[in-house]
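Fold and contact review
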Amino acid sequence: MHPAPTEKSFQASGARIAYVEWGKPGDPVILLIHATGFHARCWDQTVKALPPGHRVIAVDTRGHGRSEKTGPIRDWTVPARDIAELIEHLDLRDAIGAGHSMGGHLLVQVAATHPNAFKRLVLIDPVMLPPEAYANPHLTALPEGAVHPVARRRNAWASWQEMFDAFKARHPYSLWRKEVLEDYCRYGLVPAASGQGFELACPPAIEASIYLGHAGSDIYALAARVKVPVTVLRAKPREPGPRDLTDFAASPTWEGVARTFAKGRDVPLPHLTHFIPMQEPETTARFIADENASA
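What comes next concerns the included structure. Each chain has its residues counted from 1, following the order in which its sequence is written. Where totals are concerned, whole chains, interfaces and linings use all residues; where local detail is concerned, this predicted model gives features only for residues with pLDDT of at least 70, and gives and counts side-chain atom pairs only at 80 or more. Hydrogens and water molecules were not included; the side-chain quantities draw on all heavy atoms of the structure.

1. A word on empty space enclosed by the protein
Here a cavity means grid points, on a 1 Å grid over the protein atoms only, where a 1.4 Å probe fits yet cannot get out; a pocket means an open set of points with protein on both sides within 12 Å along at least five of seven lines; lining residues are those with an atom within 4 Å of a point. Grid points are joined across faces, edges and corners, and a volume is the space filled by probe spheres set on the points. Here the structure, examined in full by the defined rule, presents 2 cavities of 30 Å³ or more. By volume, the largest cavity is sized at about 70 Å³. Lining the largest cavity, in full, are Gly37, Phe38, His39, Gly65, Arg153, Met163, Tyr184, Gly188, Leu200, Ala201, Cys202 and Glu207. When its residues are assigned to classes, the lining of the largest cavity shows 6 nonpolar, 4 polar and 2 charged. Approximately 30 Å³ is the volume attributed to the second largest cavity. Every residue along the wall of the second largest cavity is listed here: His34, Ala35, Cys42, Trp43, His100, Pro277 and Met278. Here the lining of the second largest cavity is built from residues that sort into 5 nonpolar, 2 polar and no charged. Each residue gets one label: Ala, Val, Leu, Ile, Met, Phe, Trp, Tyr, Cys and Pro are nonpolar, Asp, Glu, Lys and Arg are charged, and the others, such as Gly, are polar.

If you want it as structure tokens, here you go:
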């Protein structure tokens, strides 16, 4: 059983970045990076399932959780730079890095530029699209003037319990472990600017801006520079054809991602949705803790 985490923050060059930490200095480090719209405490149940003896650091990326709300964030090199600066600040070396969704994409950027920071990576259904999506950005762009539906998310809540009750029967949250959904809601709200009630810790406009592009990095050129072992966990693939922008349950991960790494390993988990850590935190913890874990 891991003790309650300590909340900390760091002034990066462009924003104040919050993070939480379990364990103690000197223990082997695990660095966790969450998905778009989420926060560091979404990892709580995964951390509980990890074997003791690790120093675990979970980051609130820029615009999320308790980090500074700067946005829009259409260039993914920006939050990657924040994480790189945090790694430098903490002097992290030979860590295990695990990133979910956008967090996996960011982790690849940082591992490519900081080769001594990690001894291996676990990319959990990372947002790494087929190469043609980056060669032809219009394939994933919205029509000019269109607003991403995430920008219209409900942003006023009386309590985290109200948010939990509203989400618990709604797909895909209904598939999540109850405790993970509670953590998502409990730590995913902050006091509202109006002074009445609560609002989302990741403002809908910032979350929507992240979905509007993966600009700024040639992710597969960066992947080729990562020399440490990389495990790619892939959820059920998306069906071909137009997709519902509000349905995030299917995998955004190109099936060839693992092959782009010098030491990549592909692990399909077709019984799970994109929200692997939310559905099976124990499975997630097993792959993080054990380099040789199998499906």
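2. A closer look at the environment of Ala58
Along the chain, the position of Ala58 falls in strand β4 (residues 55-60). Sequence separation between Ala58 and Ser294 is 236 residues; the distance between their C-alpha atoms is 24 Å. Only DSSP runs of H or I reaching four residues or more are called helices, and only runs of E reaching two or more are called strands; each is numbered from the N terminus.

3. Observations regarding the pairing of strand β2 (residues 16-22)
The classification of residues rests on relative accessible area computed with a 1.4 Å probe and restricted to protein chains. Under 20% of the type maximum is buried, over 50% is exposed, and intermediate values are partly exposed. Among the 7 residues in β2, 6 count as buried, and that is most of the element. Counted along the chain from strand β1 (residues 6-11) to the antiparallel partner β2, the turn is 4 residues long. Pairing between strands is defined by DSSP: at least two bridges between the two strands are required.

4. A word on the nonpolar core
In terms of nonpolar packing, the biggest core is built from 49 residues, with Val108, Phe118, Leu121, Leu123, Val226 and Phe261 touching the most fellow members. It is helix α3 (residues 102-113) that contributes the most residues to this core, 7 residues altogether. Look past the residues within four positions of Phe118 in its chain and what remains in contact with it is Leu31, Ile87, Asp94, Ala95, Ile96, Gly97, Leu107, Val110, Ala111 and Val228. For our purposes a nonpolar core is just a set of buried Ala, Val, Leu, Ile, Met, Phe, Trp, Tyr and Cys residues, chained together by side-chain atoms within 4.5 Å. By definition, residues are in contact when any of their heavy atoms lie within 4.5 Å.

5. Regarding the pattern of salt bridges
Within this document, salt bridges are pairs made up of a side-chain nitrogen of Lys or Arg and a carboxyl oxygen of Asp or Glu, the two lying within 4 Å of each other. Scanning the model with the defined rule gives 12 salt bridges in all. Asp27 is paired through a salt bridge with Lys24; the nearest N and O atoms lie 3.2 Å apart. Overall, the relative accessible area of 18% leaves Asp27 in the buried class.

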